[in-house]
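Structural characterization, general
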Amino acid sequence: MPTVEDIRTTTRPVTMLTAYDAPSAAVVDEAGVDVVLVGDSLGNAVLGYDSTLPVTVDQIASHTGAVVRGVDDALVVADLPFLGYGVDESETVENAGRMLKEEGADAVKIESGRHTVDLTARLTDLGIPVMAHLGLTPQHVKQLGGYSRQGVEQSHADEIRDLAAAHESAGAFSLVLEHVPSNLAAAVADDLSLPVVGIGAGSETDGQVLVLTDVLGLSDRAPAFAEQFGDVAGEMERAVSAYRDAVLGGEFPAGEHAVAADDLDFGSG
Ligand code: KIV
């Protein structure tokens with residue numbers, strides 16, 4: 001069972017996937033993935049919203065508990081949702097602490113910026129391990145006007161590099177770097193000793209993360225940088241159609257699915 005310290009110091013690529021419920025978290029865990037992230041991508045991937053903004057602390061807490069119950073080995077990281085941190089310090093500590101104390105998570109992730117450096121230090125000091133997140137931070141979609149690649153201008157790339165170093169100094173044990181040029185991601189990974197886990201950031205980071213529904217082929221809109229490794233939607237459709245056909249055709253339930261009670265008597269008719 002990896003600890004945050006194992007992840008912080010590992011010398012091999014870190015594998016990370018999102019999961020939102022116990023059975024899929026169990027599959028991810030049994031496949032040997034190091035870190036399961038209960039991402040606020042819950043909003044798009046599972047709850048049917050078109051952004052992560054409506055996701056609440058209660059929803060992340062509930063899904064984190066489910067994931068923790070499904071996992072034996074992997075590190076579980078709970079993603080603090082939009083406005084679930086950074087507004088008021090004691091509320092941030094309460095929300096982050098709740099993920100560890102009540103739901104059993106090992107760490108929290110926060111979408112990072114200038115405003116989260118001190119917060120990262122505060123949470124870390126309190127014993128709440130923090131995974132930082134820079135580059136594209138989808139909770140800023142209204143400000144960014146979309147989900148475009150970040151750090152393409154020199155000044156912004158330099159700012160991301162500086163913020164990455166500041167979050168490492170503040171105590172973050174790892175950093176997600178999303179949708180940035182691959183040479184920027186390589187430079188950040190080179191700068192830092194903590195693992196930089198990339199998504200849409202090329203191959204020269206210290207690990208990779210994707211959204212589980214994109215990997216499984218269950219998303220209707222996966223980003224271009226994601227890769228579909230299976231066709232779970234197709235398999236679900238085949239199973240559901242087979243069930244429907246079996247009911248309509250009278251093949252289900254079959255004899256082995258029905259048990260009569262010999263002691264019951266309904267008369268001979
Ligand atoms: O919410 C999420 O799933 C994430 C990953 C894309 C890193 O933040």
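Residues numbered from 1 in each chain as written. Predicted model: local features only at pLDDT ≥ 70, side-chain atom pairs only at ≥ 80, totals over all residues. Heavy atoms only, no water.

1. A look at the pairing of strand β5 (residues 130–135)
Counted only if it meets this: Any residue under 20% of the maximum accessible area for its type is buried, any over 50% is exposed, and the rest in between are partly exposed; the area is computed with a 1.4 Å probe on protein chains only. The helix count covers DSSP runs of H or I at least four residues long, the strand count covers runs of E at least two residues long, and both are numbered beginning at the N terminus. Two strands form a pair only when DSSP identifies at least two bridges running between them. Crossovers are marked right-handed if the path from the first strand over the helix to the second runs clockwise, as seen with the strands pointing away from the viewer.
The element β5 is largely enclosed, with a buried count of six among its six residues. Residues Val130, Ala132 and Leu134 line one face of β5 and the alternating positions Met131, His133 and Gly135 line the opposite face, and both faces are buried. Summarising the sheet, strand β4 (residues 107–111) and β5 pair through four bridges and their orientation is parallel. Bridging from a neighbouring strand, Ile110 pairs with Ala132 of β5. Tracing the backbone out of β4, into helix α6 (residues 117–126) and back to the parallel element β5 gives a crossover that is right-handed.

2. Topic: the domain arrangement of the protein
Note: interface size is frequently given as the accessible area lost on complex formation between the parts. Put simply, the rule is: These domain limits were set by an automatic method or by a database of domain assignments.
Parsing the protein into structural domains produces domain 1 (4–227) and domain 2 (231–258). Using only C-alpha atoms to locate each centre, domain 1 and domain 2 end up separated by 38 Å.

3. Thoughts on the site of the ligand
Note the cut-off: Neighbouring residues are identified by heavy atoms, a residue being near a molecule or strand if any of them is within 4 Å of it. Definition of a polar contact: a pair of N or O atoms within 3.5 Å, with one able to donate and the other able to accept a hydrogen when the atoms are protein atoms, and with sequence-neighbouring residues admitted only if both atoms are side-chain atoms. Throughout, the Shrake-Rupley method with a 1.4 Å probe supplies accessible areas, and for residues the shown protein chains are the sole cover considered. Buriedness for pockets is judged along seven lines, at least five of which must meet protein on both sides within 12 Å for an open set on the 1 Å grid over protein atoms alone, while cavities are sets there where a 1.4 Å probe fits but cannot get out, and lining residues have an atom within 4 Å of a point. The rule for placing a molecule in a cavity or pocket is simple: more than half of its atoms must lie within 2 Å of the grid points. Under this grouping Gly is polar, as are all residues other than the nonpolar Ala, Val, Leu, Ile, Met, Phe, Trp, Tyr, Cys and Pro and the charged Asp, Glu, Lys and Arg.
In the region of the ligand, the neighbouring residues are Thr18, Leu37, Gly39, Asp40, Ser41, Asp79, Lys109, His133, Val176, Ile199 and Val211. At a separation of 2.9 Å, an oxygen atom of the ligand approaches a polar side-chain atom of Asp40. Within the side chain of Ser41, one N or O atom sits 2.5 Å away from an oxygen atom of the ligand. If the ligand stood free it would expose 260 Å²; the protein chains cover 94% of that surface. Here the ligand occupies the largest pocket. Classifying every residue of the shell around the ligand by side-chain character gives four nonpolar, four polar and three charged.

4. As for the pairing of strand β7 (residues 196–199)
Of the two faces of β7, the one lined by Val196 and Gly198 and the one lined by Val197 and Ile199 are each fully buried. Relative to β7, strand β6 (residues 174–178) runs parallel, the two being bridged by four bridges. Within β7, the position partnered with Val176 by the bridge is Val197. The parallel pair β6 and β7, bridged by helix α9 (residues 182–191), forms a crossover whose chirality is right-handed. Of the pairings in the sheet, the one linking β7 to strand β8 (residues 207–210) comprises two bridges and is parallel in character. Following the sheet pairing, Gly198 is matched in β8 by Gln208.

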